[in-house]
Every structure is written in structure tokens, then in C-alpha cells.
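Descriptive analysis of the structure
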Number of protein chains: 4
Amino acid sequence: MENRKILTGEKIVVKVGKLNIGGDNPPVLIAGPCAVESKKQVIDTALALKEIGVNILRGGAFKPRTSPYSFQGLGLKGLEYLREAGEKAGLPIVTELMDEKNLDAVAEYADIIQIGSRNMYNYPLLKTIGEIDKPILLKRGMSATIKEWIMAAEYIATFGNKKIILCERGIRTFQNYTRNTLDLAAVPIMQKETGLPVVVDPSHGTGIRELILPMSKAALACGANGLMIEVHTDPKCALSDGFQSITPEEYRKVVEDVKKYFL
Amino acid sequence: MENRKILTGEKIVVKVGKLNIGGDNPPVLIAGPCAVESKKQVIDTALALKEIGVNILRGGAFKPRTSPYSFQGLGLKGLEYLREAGEKAGLPIVTELMDEKNLDAVAEYADIIQIGSRNMYNYPLLKTIGEIDKPILLKRGMSATIKEWIMAAEYIATFGNKKIILCERGIRTFQNYTRNTLDLAAVPIMQKETGLPVVVDPSHGTGIRELILPMSKAALACGANGLMIEVHTDPKCALSDGFQSITPEEYRKVVEDVKKYFL
Amino acid sequence: MENRKILTGEKIVVKVGKLNIGGDNPPVLIAGPCAVESKKQVIDTALALKEIGVNILRGGAFKPRTSPYSFQGLGLKGLEYLREAGEKAGLPIVTELMDEKNLDAVAEYADIIQIGSRNMYNYPLLKTIGEIDKPILLKRGMSATIKEWIMAAEYIATFGNKKIILCERGIRTFQNYTRNTLDLAAVPIMQKETGLPVVVDPSHGTGIRELILPMSKAALACGANGLMIEVHTDPKCALSDGFQSITPEEYRKVVEDVKKYFL
Amino acid sequence: MENRKILTGEKIVVKVGKLNIGGDNPPVLIAGPCAVESKKQVIDTALALKEIGVNILRGGAFKPRTSPYSFQGLGLKGLEYLREAGEKAGLPIVTELMDEKNLDAVAEYADIIQIGSRNMYNYPLLKTIGEIDKPILLKRGMSATIKEWIMAAEYIATFGNKKIILCERGIRTFQNYTRNTLDLAAVPIMQKETGLPVVVDPSHGTGIRELILPMSKAALACGANGLMIEVHTDPKCALSDGFQSITPEEYRKVVEDVKKYFL
């Protein structure tokens, strides 16, 4: 494995407010809609999720979409709604940064900055967030090797920011039954190689609602430090990724069922 | 999904002696060396495994090897040793059939006939074992889609034999840190689609000794009906796949640790 | 690259009747229907192809199909029709052997025995055809690495038969626009590594009729020793792979257009 | 295929100075070092390439590297050297833009702006270059589907800039003999789907010096509108990708050999 200077495997615990992520701390639950669509939607969702036991609220304000004609997110408005929802529910928030231009706004509103799969190789962006003092959620690139993912985290760390949470979200393979192939072996591998916490996103990792529960259990059983799941109050009407979103009630069931894997 | 006539999702429990595999039955533990190398080796291993709680002894007498110059297995001699080891330890045995020519011998000695990854598309062989009354362990082809794997099982079933245990053993992807990418989502998918029991082979699925424990836990957590693990009394001297084999003592630790996932 | 004893890179020319395949000989044209469906179909096709300049007639009598409920080929009857067509048109024939049971029949009727993608890892079958004196067309496994493909040829050669023609037919990747991803770099690689002739099958390699001409040109330009193309007098009614078959008239156009690449 | 508004397949010819790329125009030759390393290196290379018949000089000033500790390019200094080399040799230049911050500098110095594989999904960057009036060389993402690549071009086009040259540079597959798997079928596919010119990069597409000539021939034979090849006066000392670079003398041989495919 390529030379590393910072992330050599020593355990790193990332603090988000009072929450400790990684090490021997219990897994964290991150949930929320794929995209922030309206103030009401995200506040309702946040309150429901808080009540179920979620630790961190997720929601996209800037959305990387394959088509320029798809819904691209509410932008700054979305950030405001998300923040208001987080405050009302008493939850820290995580949202994606796609572009250095929006760094100040995202850094102001978010408690954790997400770097999405499509930007894992965006080295200028990695350097930029390496220079700020804010936890980062670094998703794996859709065809990133273990080494490339490690080195992407090293980019952030070498510029000074070691508050990195990794997120396995499935890789692209020939297998087309699921949207991606969830590579759960990456959980213990990345924990050992980098020392960083690793959470798993079974929503993107499978793209199939029914697989979220079994894959959540599997993720926790092999040591994941958390789960990130897409929850929408009305999946059929979601403007993005509705087919892989579950309702708050379905999510409640997932949380109850995975509790026994909080070992 | 392509038209199926037999494996439509109705739960099927496969009986091997007194053992029931699939449905709500507890997961089964299948273990043993990659290849039968000597009488002493396989008997010693069998007795050690029995004592740890293994349910089925595995071992290869006929080995499909990438190179014609690699050890190809002991053949009939290997079958005899394996059977003797199984009898001494009171364990049913599973071994691979590569070739119709050896069907009678393998069917006589083995309690379960394994069809390996390289033969998942070998339709004449699938038809042949579809006509006998003996449990089959059908490994997934290394680049088989879910649909192809289902239809391979359907080949066996349509010729009359529904005693099929599926085995997820990892798929071939660009990811080269592990030998294969263990596709655990295939466990709930194949159970739902075919009704058959699905066991997981984390030895081939990762090719890395240290990953066997976490991936075993993950497999059981998402509902696997069993685990198949390579155990060798002296992995460094194994004639085949030693790098991914563990010792009986390491295996004992795995079994103890996964017991809590026998839910 | 793994140790080899026979196929070390020295140029091998395979003779089929008066035809010389490989080395500096001009590329060969292999064409015919995916499956032999009737006597009339295959004779009509053979005569049309002969007139266009084809060197070898292809046709499947035994068909490996993903579903047990799909048309499986005419079997021995198909062999007879194919042979009759070859004789009427004055063309040697190539057809697939799936199973050792049919070795004698296939070896009697065919001038070249094809080992299909699904059997590239079928080592007992490779050994069997290694012991006979008949040219072999060895297709690449759908997810075979270069090394695995080389060693499959080495299996045949080490049992005595060096009359091997390799066939690149595309590999399985995430890319789903085409049926497979034609890996043309494999042509010069396999020629250099093994010394054997390499032909290309753009029909399976793309699965798209319109891509057969450009990919045929590309194959010859990078040095392929021949082309194998599916031709059917009525593609829409083909019992197998009609979507990737072209008519004799379309094939005539391909042959005319690729002639300038016979360098 | 997803809805498109701009790139519907109508032929688009991209002008770069007096050069016309695409349509029925002869293929263009793009060559130069992976990275600009010194003024002398890039000027010497440019003059040698001009003499051989190159149409466009390439060279990286900003380099996306997997490791933060690898050579990252000379930055603005590199742009200056590249421009000076281009002027001295009378060649237009293409160089990569990784980051909106450097847009003005890159747009000032370069005749064509390259968007590299790692930025194909960088939608904010695609929008930005969609708003300027400068030819773009859009490389395919390393695991981009045909659809995703088309939509990336559509992002640029929908913001106003249709001067897009596509570049196939290999995709990531299980096949590890070559660095990437050159997907030549993408050439006719992308030409037909988008109407845009498509050039091929056999250097990244194979990562193996000896494969550059046969893959260049294949690319042109299937209709590529140009070739982009890494040339370095001293490949062994190259600071980046030396193993896949060829010398000007080797390049001269390639150009001579591919001329017959300028059909």
C-alpha cells in the first residue's frame, strides 16, 4: 500500500457536538431525505427521526445528478431548511458540498460536510476541506479501489483535517440486480488501514428498499460505526431516489431490529 | 426475472442426515481443508472441527486449478480419506464434482455434492446432478448475475432435484484488495427469489484470513443459512489456498464469536 | 505470468484442411447461424456465405443456454445438418462441444471443435480435447483474466494438442450498453504471450448488429487472425441471439468493407 | 436513453484554429508529455512532435494524482511553458483544468481545455466550462456508463458550449493485465448518440507501451476522430506515467504505421 504519513491506522474518534463516532463508541444513526424538497418535508422528517433515535440528520441541498434536467436541489434555501429542521429536532446535520464556491455556506450551516462519491477524486476540493476544522463524511467513489479511497482521505488529512468519517456506499460491478454492490469487507479493511470510523449507506449500496434492513444488520455485525439511510415521508413523491427511500415507520422497524447488533 | 417453473420462492429445507438446512433452522457450519492432502491431515482436521461444533466436513478430492501444473487433488484416494475422516468424526461430508465421469464415485462417498464456481454454467453437469437424489451445494459463478445463478439452480431443479443449497463466494470486480468481492446482498435476494438456503464462503469471498470473522458475522446477520470456511492444521504448508485458510484454533474463535448471530 | 511449458510465445500456425490460420496468413472468415435450426436454414446460409468468401462455417448443435426452458439446440441432428451444409458449400465447419459425452460425435462431424465461454474453466473437458488431434477454437471465459485464458490454452496444449485458435468475445463489465465489452487489447497480448492465432467475435462481443462492422475493422487493424460473425437468413426469427445476427446481405457488406484491413 | 435536448446525434465539427475535428475530417494527432516538467522538456518535445506531424500538443500543468505526495504538476509555470512550446512549434495546446479557480488561467493559455476522467462527474465544473467559448476535451470517467458520459457532455452543451471532443481512455474492469480496458465500441456508439467527435487515448487505455500501436490502428479503423498519445523524450525519467509513455522516435513509427488507417 502506498506511502502514508497521517492515516497510518491509529484509531481516530471524530466528535460531532457531544457525539463520538468511531473507536469503541456505539454506532451512529444518520438518516433523512435524499434531497431537501421543502421546509415542511424536512422538519417533519427530522422530528420523526429524532423520536426514533436518529443521531444525525442528512439531506441534500446541492445534488449531483446524472442529467442536467433533473432536480438539482434547492441550494442555499435547502441549507436553511435543513438547518432549521436540525435545530427544531436537536440534531446535527450533514449535507453535501459539491463545489468550493459553496464552502462558506455549507460550512456555516452543516455540522458535517459530505463529499459525495462523484467528488472522491476531486483533489482540489479535498485539499480545501482539509484546511477547515469541520468533520467530513467522505463517501467512497463508485469505482474506487481501497487504495484510492485511503489516499483520498490522506489528501484531507495531510492538509490538517483528521476529522474524517468514511462511508461505504457500494461499488459498481457487472451485477445489476442491485444499484451497486455493497462491499462490506471494506468496513474492517478501512478501519484497520486508516483508523477512521466507517459508516455504511445501504440505501445507495443496494438501491432496493427491502434490502436496507438485512444489509444494515450485516454492516453493524462486521463492525460499521454507523448507518446512513434515506428516509422520506412519501417515497413515491420523492424528487430524487424515491425507489430506495423508506418511510419513517419503516425506518423505525429497521432501528428496532438493528439494536441487537449494537454490540 | 426470467420465467421459472420450480424455484418460485417457496421455502425449501434441505435435509442432510439429521441436519435441516434453510428455513428457520439454525445456521450450519461447514469447514475443512481446501484440498484433501493426506489421510492424517483430513482425519486430524475432522476430529478437531467436530469438537468445535462443525456440522459438515468439506474437502476437495478433485480440484479445479488455473494451472495444469498445480496440485490437482488426490482424486479417488482423496474421496476415501475424506469419507473415513467424516465417519471417524461423525460428520457428513461435502466435496466437489467437476466431471460427470466421477459422478458415481462422488455420489457414493459424499453426503452433499458441490458444484464449484467454474462449473455453475456447466449445464450438462447441472442436468446430471438434477437427476440424482442427493443434496447439491451450488456455488455462484465468479461473474454470475443473480439471474444466471437462479437459472443454474432451476436447471438442477427442473430435472427433479430440489435439494439445493446455494453458496455465495464472492464475485469478480475491479476491487483487488480482496480476492473477490463478497456480495452479501445476494443472501436475502437469493433466499427470496428461490426459497433455497444460502450459505456464505468468506474464505474465497475475501481471500484474507483476518476478514473471515467479520464477514462471517455479517453473513449471519443478513440471514445466511450457514458458513463454509477453509480450515487447515498448517495453512502455510497447504497445497492449495493456504493464504486464506485458518487453523482449527482460529476457527474455534470464529465459531465462538459468531454464535451470538445465531438468532 | 505463471509458469508455462508449452505455449511460450513461439508462433503457431493452425491448419484446417488447406487453410492456414495464424502467423502471417491472411485473416479467416468464420460465419454462420448461432444455432442450427433446420436443414434448409443451414444449407441456404452455407451456400450464401461461401459465395461471399467465408472460409469456415459455424453453427451450434448443442447450445448452452441460461434458461433450461430455452431452445437447447438440435443435438446430433444439428451436427448432421451442419456437416451436410459444409459439404455442399465446400466449407470446413466449427461447432461447440459442451460435454465429453458428445466428443466422438462432434469430433467426427466437425473440422474445428469450439469450447465456449462457459466451458473455458472446464478443465476435465480441456484435458479431453487436449488428447485428440483436431483444431480447437477456445473462446475466452466471460470474466477470464488474460492469465486464466492463457492457462486454459496451456491445459489443452500440455495434453498434446497445440492446434488452438483463441477467440476474444468480450468480457463482462459494468458497461451495459453493449452485451459485453470487446477487449481488443487481448488480441496482440494473447498473440505475443501464447504464439497462437486469435480471432474476434464481434457478434457476442457487442450484441449489437450495427457495431459488427466497426468492431470487425478494429479487430483486423490490431492484428486479429480472423473474424467470427453470426449470420442468419432471418434474424428476427432466429431461435437464439437473433438481435445480434446479421443477414447474408449485411454480412457481404461487412466482408467488402473489411477487405482493406487484410494487410 | 435519457432525454437530451442538445446532443441528439446531429454531426458536430469542432474547430481549433484552422483544424477541423470530427465529421469527415481526417483524424487529429494529439501528443505530448503526461506532465510538463521543465521548459526545455516541453519545447524539445513540441518541436520533435511538430516535425512528425502532430496537430495538437498536450501536457499537464495541474495533475490529479492518487497520492497527495506525488508530483502535482508545475501549475501556472507549467501553463506558461506549454504555451511557449506550442507557439514555438506552431501547435495549439490542450491541458487539463481540475478546478474552477484556475479557469481564467487555463482558458487564457490553452486552445482546448481538458476535463479529465476524475472530473467527468464534476457537474459544477462542467457547467462552468459550458458557459465559455472554448473547445473542451471531455474524457470518459473511469467507470462511466455510456449514458453518464453522454449526459456529462449534455451538461456542457446545455450551458451553451457545443465545442466538445470526447475521449475514450479505457474503463475499469476486473482485467488487470492492462491498466484499463479500452472500450473501442464506445467510439461508434458515442459518435452516433451525440454527433460529437471521439478521440482515443491508448496510453491510459492500456498503460502498456507496446500496445499503443495496435490499439491506435484499431481506434482509427473503427472510426476514431483522433488519437491522444503520451510522448516523453525520456520515459524512464518521467515524473508521471513514464511506463506508458513512448519516445518521439517510437511515436514517429506509430504515426507512419497508422497513416494507412486515415481512410
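Worth saying up front: this structure is predicted, and the values here are computed from it rather than measured. (Residues numbered from 1 in each chain as written. Chains lettered and ligands numbered in written order. Predicted model: local features only at pLDDT ≥ 70, side-chain atom pairs only at ≥ 80, totals over all residues.)

**Notes on the overall build of chain A**
Along its length, chain A carries nine helices and ten strands. For 263 residues, the compact-globule formula gives about 18 Å, and the C-alpha radius of gyration of chain A, at 17 Å, lands near that figure. By the burial criterion, 63% of the 263 residues in chain A qualify as buried. Restricting to contacts in chain A with at least 6 residues of sequence separation, those with at least 24 account for 68%. (Helix = DSSP H or I, 4+ residues; strand = E, 2+ residues; numbered from the N terminus. Rg over C-alpha atoms; globule rule 2.2 N^0.38 Å. Buried ≥ 20, exposed ≤ 12 C-beta atoms within 10 Å, placed from the backbone. Contact = placed C-beta atoms within 7 Å.)

**A word on the relation of the copies chain B and chain C**
By a simple turn and slide, chain B fits onto chain C: the slide is 0.0 Å along the axis, the RMSD is 0.0 Å, and the turn is 180°. In short, the pair behaves as if placed about a two-fold rotation axis. Within chain B, B:Ser143 has its C-alpha nearest the rotation axis, a separation of 3.1 Å. An overlap of 100% is found between the interface residues of chain B and their copies at the interface of chain C, pointing to a shared contact surface. (Least-squares fit on C-alpha atoms with pLDDT ≥ 70 in both.)

**Here's the deal with the environment of D:Ala224**
Residues and elements named next belong to chain D. Looking at the secondary structure, you find alanine 224 in the loop between α8 (212-221) and β10 (226-230). Residue classification places alanine 224 among the buried residues on the basis of 29 C-beta atoms within 10 Å. Here the alpha-carbon distance between alanine 224 and glutamate 154, two residues 70 residues apart in the chain, equals 20 Å. The contact partners of alanine 224, leaving out residues within four places of it in the chain, are Pro27, Val187, Val198, Val199, Val200 and Ala219.

**Considerations on the packing of helix α5 (residues 146-158) of chain C against helix α6 (residues 186-194) of chain C**
All names here are of chain C. Close contact between α5 and α6 brings their axes to 11 Å; oriented N to C, the two are set at 45°. Comparing their axes, α6 and α5 come out oblique. You can see that α5 and α6 cross each other, and the crossing is right-handed. Counting all contacts with α5, which are made through Ile146, Trp149, Ile150 and Ala153, the residues of α6 involved are Ala186, Ile189, Met190, Glu193 and Thr194. (Axes fitted to C-alpha atoms, helices over the stretch in contact; angles between N-to-C directions. Parallel < 35°, antiparallel > 145°, perpendicular 65-115°, else oblique. Left-handed = near helix turned anticlockwise from the far one by under 90°.)

**Quick notes on the confidence of the model for chain A**
Of the residues in chain A, 99% reach a pLDDT of 70 or more, and the chain-wide mean stands at 96. Model confidence for the complex is summarised by a pTM of 0.97, with the ipTM given as 0.97. (pLDDT = per-residue confidence, 0-100.)

**Here's the deal with the interface of chain B and chain C**
Listed per partner, the contact involves 24 residues of chain B and 24 residues of chain C. Breaking the side of chain B that touches chain C down by element, the ones donating at least two residues are α4 (123-130) and α5 (146-158) of chain B. The element best represented in the side of chain B that touches chain C is α5(B), accounting for five residues. Looking at side-chain class alone, the side of chain B that touches chain C contains ten nonpolar, seven polar and seven charged residues. (Nonpolar A, V, L, I, M, F, W, Y, C, P; charged D, E, K, R; others polar.)

**Here we look at the environment of D:Ile246**
Residue and element names in this part refer to chain D. Checked against the element boundaries, isoleucine 246 lands in the loop between β10 and α9 (248-258). Taking the C-beta count within 10 Å as the criterion, isoleucine 246 has 21 such neighbours and is therefore assigned buried. Between the alpha carbons of isoleucine 246 and aspartate 234 there is a distance of 8.3 Å; along the sequence they are twelve residues apart. Excluding residues that lie within four positions of it along the chain, isoleucine 246 makes contacts with Arg209, Ile212, Val231, Pro235 and Tyr251.

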